[in-house]
Each structure stands twice: as C-alpha cells, then as structure tokens.
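Given next are the chains, with one letter for each unit.
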Amino acid sequence: MYAFKITGGTPLNGTIEVKGAKNAVLPMMAAALLTDEPITLENISYLSDVKIQSQLLESLGVKITHHDNAITLQADNITNYRAAYEFVSKMRASFWVLGPLVGRFGQASVSLPGGCAIGARPSDIYFAALESMGASVDIENGYVIAKGPLHGADVSFRRISVGATHNTIMAAVLTKGTTTIYNAAREPEVVDLINLLNKMGAKIEGAGTNKITITGVEKLHGATHSVVTDRIETASFAIAAALTKGNIFIKGGQQNLIEPISNVLQMCDVKLTQTDEGLWVNGQNTVLRPTTITTAEYPGFPTDAQSPITTLLALADGMSFIEERIYENRFMHVPELNRMGANIIVLPNDTICINGVNKLSGATVMSSDLRGGMALVLAALVADGTSIVKRIYHIERGYYKLEERLSALGTQIERIHLDD
Ligand code: UD1
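Residues numbered from 1 in each chain as written. Predicted model: local features only at pLDDT ≥ 70, side-chain atom pairs only at ≥ 80, totals over all residues. Heavy atoms only, no water.

Enquirer: So what exactly am I meant to see when it comes to the overall build of the protein chain here?
Expert: A tally of helices and strands in the protein chain yields 13 helices and 24 strands. Against the 2.2 N^0.38 benchmark of 22 Å for 420 residues, the protein chain shows a C-alpha radius of gyration of 21 Å, consistent with a compact globule. Over its C-alpha atoms, taken along the principal directions, the protein chain stretches across nearly 60 × 45 × 45 Å. Each charge class in the protein chain was averaged separately, 35 positive and 41 negative side chains, and the resulting centres sit 1 Å apart. (Helix = DSSP H or I, 4+ residues; strand = E, 2+ residues; numbered from the N terminus. Rg over C-alpha atoms; globule rule 2.2 N^0.38 Å. Lys, Arg positive; Asp, Glu negative; His and termini not counted. Charge placed at Lys NZ, Arg CZ, Asp CG, Glu CD.)

Next up, the structure:
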C-alpha cells in the first residue's frame with residue numbers, strides 16, 4: 001500500500017498542468033465500441049481508471065495503443081459482449097460499455113457495478129431508458145443482460161444522471177429513428193462526449209441542455225478528439241493555492257467550468273485570471289470566509305468538489321454549511337479531517353456544519369474515496385507538521401502523479417510504501 005507523506009506550510013508556487021477530464025475520457029473510450037475505425041483521444045493522462053477501462057475494452061476485443069498523452073482504440077473485431085465483474089467492480093464507469101454494446105451489436109452482458117463507499121448508486125434509470133427503446137433487460141447472476149433490437153424513443157429520466165445520459169446517447173446513435181432524452185445531464189463531459197460522437201458522424205442535438213435529440217445513423221467512422229480539461233482537478237488545485245496562500249498557474253485550467261468554486265474563492269479574495277493558456281490563481285491575500293453550499297447537477301456546485309471545499313471551509317473564520325444532494329454518504333472525509341483538528345459535525349439530512357478553526361495539525365489519516373482523499377491531501381498541505389495520507393490508490397484514480405506535480409510547486413510530499 002502506498003501513502004503520501006506531506007509536510008504542510010509551504011505556499012504553492014509555479015505551474016501545474018491539467019489534462020483531459022477523467023470523467024470525459026472514460027465514456028469516450030466506451031464510445032470507441034461504436035465504430036470499427038480508430039478513435040484517438042488526445043490530451044489525456046494515464047490514470048489508473050483509464051488503465052482499468054483499457055483492460056476491460058481489451059477483454060472485449062478492442063485494440064488499444066497508448067501514446068504520449070493520447071490513446072488510440074479500435075473496435076474492428078469485437079467477439080465478446082460480456083464485461084466481467086473483475087473490471088466493473090473496480091470502476092463504475094466501465095458499466096458504460098452497456099449502451100454501445102447493445103446499440104451496435106444488439107446484445108450486452110455487463111456485470112452490475114453495485115454500490116460504493118459514497119452511496120448505493122442504483123442503475124434503474126439506465127435500464128428504464130433501454131427498455132423504452134425496446135431492449136429486454138434482465139438481471140442474471142449479478143449481470144445485466146440487455147438485448148435489442150432497439151428503436152428510437154422518448155426517454156424521460158426520473159432524475160438527472162450523468163452516466164445514464166452517456167449510456168442512453170451511446171445506445172441511440174446507431175439506432176433507427178429518433179431518441180429524445182428529457183431531463184438529461186448538462187455536464188461539460190456529456191457535451192464533450194457528444195462533440196466526439198458528432199465528429200464520428202452521429203447526429204446529436206441539444207448538447208448542454210436538458211433535452212438531447214439523437215437521430216440514428218447507419219454507421220460511425222473514426223475520429224481524433226482532444227478531451228475537455230478536467231474541471232475537478234482544476235478546482236482542487238485552485239483550492240490548494242488559496243489554502244496555502246500560494247500563486248499558481250493552472251495550465252489548461254478553465255475558470256468558466258468551475259464557476260461555483262471560483263465564486264467561493266473570489267469571496268475569499270483569491271484573484272483568478274484567465275488567459276488563453278490557462279488559469280492564474282493568486283491566493284496570497286486569501287481571507288477564508290464561511291459560506292453555505294448545496295451540491296447540485298451542472299451548472300450547480302459539483303458533488304466532486306464538495307470534499308475539497310470542506311477542507312477550505314474548515315479553516316474559514318466562522319460557520320459554514322454544506323448540503324450534499326447527489327450522494328447519500330459522501331462525508332467520509334469528515335471524521336478524518338476532525339482528527340486533524342477540524343470541527344465539523346454531520347447533521348441529519350445530508351448536511352454538515354463546519355465550525356472554522358485557526359489551524360489543522362498533521363496526522364495519519366485514511367482516504368475512503370477519490371475526492372475525500374484529495375480533501376485530506378489539501379488539509380495536509382496547510383497542517384502544522386507532517387501527515388501521512390493512506391490508501392492513496394483512491395486518489396490516484398483521478399489525480400495523475402500528484403506527488404511529482406505538487407513537488408514541482410514547492411510542496412514537501414513523498415509517495416511512500418507502507419507495509420500494512
Ligand atoms: C458521474 C461522475 C461522478 C460524479 C457524478 C455526479 C464519472 C465517471 N463519474 O457519476 O464523478 O460524482 O457523475 O456528478 O463521470 N442514480 C440513480 N439511478 C440511476 C443512476 C443514478 O438513482 O440509474 C443516482 C445516483 O445514485 C446518484 C445520482 O443519481 O445519487 C447521480 O448519479 P450519476 O449522475 O448517475 O453519477 P455517475 O454517472 O455514476
């Protein structure tokens with residue numbers, strides 16, 4: 001098991017680069033199943049989630065070549081329509097091969113992902129959409145077995161789901177007729193998947209709105225696409241600059257994608273300046289102030305930035321509240337932050353009350369999930385003394401070579417091996 005050993009107190013200074021969003025790359029890799037021609041995705045980091053998605057796609061017969069910051073996938077000889085438990089259980093996004101498999105080949109057998117640390121995460125919206133498009137959907141031995149043929153349909157989601165939006169779009173692009181999704185997700189990663197699919201010859205309208213219309217085409221072709229920048233990495237590093245009173249340039253960072261977070265930072269006197277190449281975040285005059293946040297679907301405050309912003313508010317001058325509306329169990333970082341000296345109370349109704357403290361102190365803490373782990377790293381960056389953040393395999397799912405990139409900004413951080 002690896003851990004980060006971090007000694008806090010150094011302001012971050014310098015340049016850090018943010019590449020394509022993990023949450024856009026993963027569905028785009030699944031989209032490669034929709035054509036027998038090569039799909040090249042550029043501007044990507046070889047994160048552990050990308051590795052798992054590659055392994056799953058290879059098990060279906062996709063040929064994959066990795067280049068520097070890019071990946072090429074070719075699905076010209078798919079012989080297996082079964083996505084095994086060993087992959088899907090490791091990463092929920094691998095479930096998203098369901099839509100393209102049933103859309104192109106009329107059949108799919110995909111292990112159910114089940115819940116995870118942050119919540120139950122059911123899949124009913126995915127199934128209801130496929131069923132309204134004519135698929136039969138059965139659960140057998142822990143696998144969902146979906147069979148076509150599909151037809152175009154009007155599909156209304158009972159709540160907004162990013163994954164169900166990706167999946168339904170990918171099921172519909174090669175399906176005869178028109179499919180309209182109502183109450184669709186508007187996330188930039190959904191928009192970028194649609195951009196890729198349209199480059200491949202799909203006919204999709206309504207990207208970035210809650211009504212997406214897909215007119216089925218007979219065939220898709222190859223494409224090359226540069227993936228939209230990772231807004232959650234951008235937000236996390238901007239928070240790090242504010243917390244440490246540093247001054248950093250986030251190469252590739254886009255302020256317009258992190259508005260709910262940049263609003264909080266600006267309220268704390270952090271200076272943000274967008275250039276063509278990226279985002280300057282100057283936190284030298286930061287005054288951390290309390291606020292109230294409710295997580296919501298895009299363009300609301302992203303649930304994935306909830307844990308990182310908790311760390312910021314833990315040091316604010318007053319009382320803050322965060323209500324988590326997307327997941328029912330996303331406060332596992334709270335007890336660990338409290339072990340570092342924070343004063344946060346978990347209230348009923350998925351809300352936390354954060355009583356700001358003057359300082360945090362270094363401790364050995366345990367990551368429970370990807371973003372919760374990043375919240376602990378952020379706390380360690382400002383805590384007095386040295387912290388050990390354990391179980392960093394969670395963090396490495398979404399933050400590429402964090403120790404190298406933060407070291408380059410002046411942080412004292414090491415990736416160490418622990419025996420337990
Ligand atoms: C994606 C992101 C994740 C982010 C989340 C919400 C990826 C790889 N992951 O996850 O980082 O936190 O969007 O922005 O892109 N739900 C149902 N039934 C369903 C599907 C979802 O009840 O069939 C619920 C979920 O349990 C959750 C909510 O809907 O409470 C939103 O989930 P969803 O948008 O589907 O999240 P993911 O796509 O899995």
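Moving on from the model shown.
Enquirer: Help me out: how do you make sense of the domain arrangement of the protein chain in this one?
Expert: Interfaces are often described in size by the accessible area the parts lose on coming together. Domain boundaries in the protein chain define domain 1 (2-18 + 229-417) and domain 2 (22-226). The gap between the C-alpha centroids of domain 1 and domain 2 is 30 Å. Every contact between the two is made by 23 residues of domain 1 and, on the other side, 19 residues of domain 2. Between domain 1 and domain 2, the buried area comes to about 1800 Å², and carbon and sulfur atoms account for 49% of it. Summed over the three residues of domain 1 that lose the most area to domain 2, namely Tyr298, Arg397 and Tyr400, the buried surface amounts to 32% of that side. Counting across the interface, domain 1 meets domain 2 through two salt bridges. (Domains from an automatic or database assignment. Contact = heavy atoms within 4.5 Å. Buried area = accessible area lost by both parts, 1.4 Å probe. Salt bridge = Lys/Arg side-chain N within 4 Å of Asp/Glu carboxyl O.)

Enquirer: Where do I start with unusual backbone geometry in this structure?
Expert: Phi is mostly negative for residues that are not glycine, and the peptide bonds are mostly trans. Gly148 connects to Pro149 through a cis peptide bond whose omega is 5°. One can find Pro149 in the loop between strand S9 (143-147) and strand S10 (154-156). Following Tyr298, the chain continues into Pro299 via a peptide bond in cis, with omega recorded as 10°. Considering the arrangement of structural elements, one finds Pro299 in the loop between strand S18 (292-294) and helix H10 (306-314). Even without being glycine, Asn183 reaches a positive phi, approximately 65°. Mapped onto the secondary structure, Asn183 falls in the loop between strand S11 (178-182) and helix H7 (188-199).

Enquirer: I keep staring at helix H2 (residues 48-60) and nothing clicks. Help me out?
Expert: It helps to recall that an α-helix has 3.6 residues per turn; residues three or four apart then point in one direction. An ideal rise of 1.5 Å per residue puts 18 Å on 13 residues; H2 measures up with 19 Å between its terminal C-alpha atoms. Among all positions in H2, only Asp49, Val50, Ile52, Gln53, Ser54, Leu56, Leu57 and Leu60 are buried. For H2, the elements touching its buried residues are helix H1 (22-31), strand S4 (63-67), strand S5 (70-74), strand S6 (82-83), helix H3 (85-88) and helix H4 (98-105). Gly61 sits one or two positions beyond H2 and adopts a positive phi of about 115°. (Expected span 1.5 Å × (residues − 1). Buried < 20%, exposed > 50% of the residue type's maximum accessible area, 1.4 Å probe, protein only.)

Enquirer: Which parts of the structure should I look at to understand the sheet that holds strand S12 (residues 203-205)?
Expert: Sheets are built from strands that pair by backbone hydrogen bonding, the pairs being arranged parallel or antiparallel. Strand order in this open sheet of four strands is S10-S11-S13-S12, and the pairing throughout is mixed. Both outer strands of the open sheet, S10 and S12, are each paired with one neighbouring strand and no more. Each strand axis lies, on average, 15° off the axis of its neighbour in the sheet, ignoring direction. Two elements, S10 and S11, share three bridges in a ladder whose sense is parallel. Opposite Val155, over in S11, you have Ile181 as the bridge partner. Most of the contacts of H7 go to S12, to which it runs at about 150°, and overall it touches S12 and strand S13 (211-215). (Pairing = 2+ DSSP bridges. Axes fitted to C-alpha atoms, helices over the stretch in contact; angles between N-to-C directions.)

Enquirer: What is the right way to look at the sheet that holds strand S20 (residues 343-347) in this model?
Expert: On the basis of which strands lie adjacent, the open sheet formed by four strands has the order S18-S19-S21-S20 and mixed pairing. Each of the sheet's edge strands pairs with one partner strand only, and the pair in question is S18 and S20. Taking the axes of each pair of neighbouring strands and ignoring which way they run, one obtains an average angle of 15° across the sheet. Of the pairings in the sheet, the one linking S18 to strand S19 (residues 319-323) comprises three bridges and is parallel in character. Bridged to Ile293 within S19 is Ile322.

Enquirer: How should the site of the ligand be read in this particular structure?
Expert: Residues in close proximity to the ligand total 19 residues, the closest being Ser161, Val162, Gly163, Asp304 and Ile326. Backbone polar atom of Pro122 to an oxygen atom of the ligand: 3.2 Å apart, as the coordinates give it. Protein contact buries 91% of the 730 Å² of open area that the ligand shows by itself. Looking at the shell around the ligand, the elements that each hand over two or more residues are helix H5 (124-132) and helix H6 (162-172). At three residues, H5 tops the list of elements feeding residues into the shell around the ligand. Partitioning the shell around the ligand into residue classes produces seven nonpolar, five polar and seven charged. (Near = heavy atom within 4 Å. Polar contact = N/O pair within 3.5 Å; in protein donor to acceptor, adjacent residues only side chain to side chain. Areas by Shrake-Rupley, 256 points an atom, 1.4 Å probe, with all protein chains shown as cover. Nonpolar A, V, L, I, M, F, W, Y, C, P; charged D, E, K, R; others polar.)

Enquirer: Sorry if this is basic, but what is going on with the nonpolar core here?
Expert: As a rule of thumb, soluble globular proteins bury nonpolar side chains together. Counting 82 residues, the largest nonpolar core has Leu41, Val97, Ile169, Val173 and Leu197 as its most contacted members. Tallying contributions element by element places H1 first for this core, with seven residues. Counting 65 residues, the second largest nonpolar core, distinct from the first, contains Leu12, Ile16, Ile322 and Leu337. (Core = buried A, V, L, I, M, F, W, Y, C linked by side-chain atoms within 4.5 Å.)

Enquirer: Mind showing me how you'd approach a nonpolar patch on the surface here?
Expert: A surface patch of nonpolar side chains, about 320 Å² in accessible area, is lined by Met319, Phe321, Ile345 and Leu347. If you list the elements that add at least two residues to the nonpolar patch, you get S19 and S20. Its place among the elements puts Met319 in strand S19. (Patch = residues over 30% accessible without salt bridge, like charges linked within 9 Å, V, L, I, M, F, W, Y side chains within 5 Å.)

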